[in-house]
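Coordinate analysis (summary)
As a plain string of letters, each chain reads:
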Amino acid sequence: MLNLGYRVLMKRNSTYIAFVLAGALLGERVVNYGFDTAWEKNNQGKLFKHIEGKVGSESGGEGGGDDDDE
């Protein structure tokens, strides 16, 4: 098994570097997706994209109109 890994991945420097770079890019994507998912789950209902339709539709209150005070 180790001999096969050596022959396929580490025999040539260019193949080894390509393997390392591909692994780094894939690992970065996995970690980024995991943190984004955890962040959104922890902040459900607090982020702008979750309340986007509710913010402008409330009537009354301060700051609900145009800010043209000229």
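Rules behind the numbers
- Residues numbered from 1 in each chain as written.
- Predicted model: local features only at pLDDT ≥ 70, side-chain atom pairs only at ≥ 80, totals over all residues.
- Heavy atoms only, no water.
- Helix = DSSP H or I, 4+ residues; strand = E, 2+ residues; numbered from the N terminus.
- Buried < 20%, exposed > 50% of the residue type's maximum accessible area, 1.4 Å probe, protein only.
- Areas by Shrake-Rupley, 256 points an atom, 1.4 Å probe, with all protein chains shown as cover.
- Patch = residues over 30% accessible without salt bridge, like charges linked within 9 Å, V, L, I, M, F, W, Y side chains within 5 Å.
- Salt bridge = Lys/Arg side-chain N within 4 Å of Asp/Glu carboxyl O.
- pLDDT = per-residue confidence, 0-100.
- Axes fitted to C-alpha atoms, helices over the stretch in contact; angles between N-to-C directions.
- Parallel < 35°, antiparallel > 145°, perpendicular 65-115°, else oblique.
- Contact = heavy atoms within 4.5 Å.
- Nonpolar A, V, L, I, M, F, W, Y, C, P; charged D, E, K, R; others polar.

**Observations concerning the overall build of the protein**
Assigned secondary structure in the protein consists of three helices and zero strands. Ordered by position in the sequence, the α and β elements of the protein form the string α-α-α. Relative to its 70 residues, the protein shows a buried fraction of 1%. Carbon and sulfur atoms make up 58% of the accessible area of the protein, which totals about 6,900 Å².

**Observations concerning a nonpolar patch on the surface**
A grouping of Y6, M10, Y16, I17, F19, V20 and L21 is seen on the molecular surface, where their side chains present a nonpolar patch of about 690 Å² in accessible area. Elements that contribute at least two residues to the nonpolar patch include exactly α1 (2-10) and α2 (13-42). We classify M10 as partly exposed; its relative accessible area is 47%.

**Observations regarding the pattern of salt bridges**
Summed over the entire model, instances satisfying the criterion amount to one salt bridge. The salt bridge involving E40 is made with K49; its shortest N-O contact spans 2.5 Å.

**A closer look at the confidence of the model for the protein**
The predicted structure's coordinates, where accompanied by low pLDDT, should not be read in detail. Scored by pLDDT, the protein has a mean of 83; 79% of the residues are at 70 or more. No element of the protein has a lower mean pLDDT than helix α3 (residues 48-55), which averages 81, and none a higher one than α2, which averages 95.

**Observations concerning the packing of α1 against α2**
Where α1 meets α2, the axes come as close as 7 Å, and the angle between the chain directions of the two elements is 95°. In terms of orientation, α1 and α2 fall into the roughly perpendicular class. Touching V8, L9 and M10 of α1 are T15, Y16 and F19, all from α2. Looking at the contact of α1 with α2 residue by residue, the class counts come to five nonpolar, one polar and no charged.

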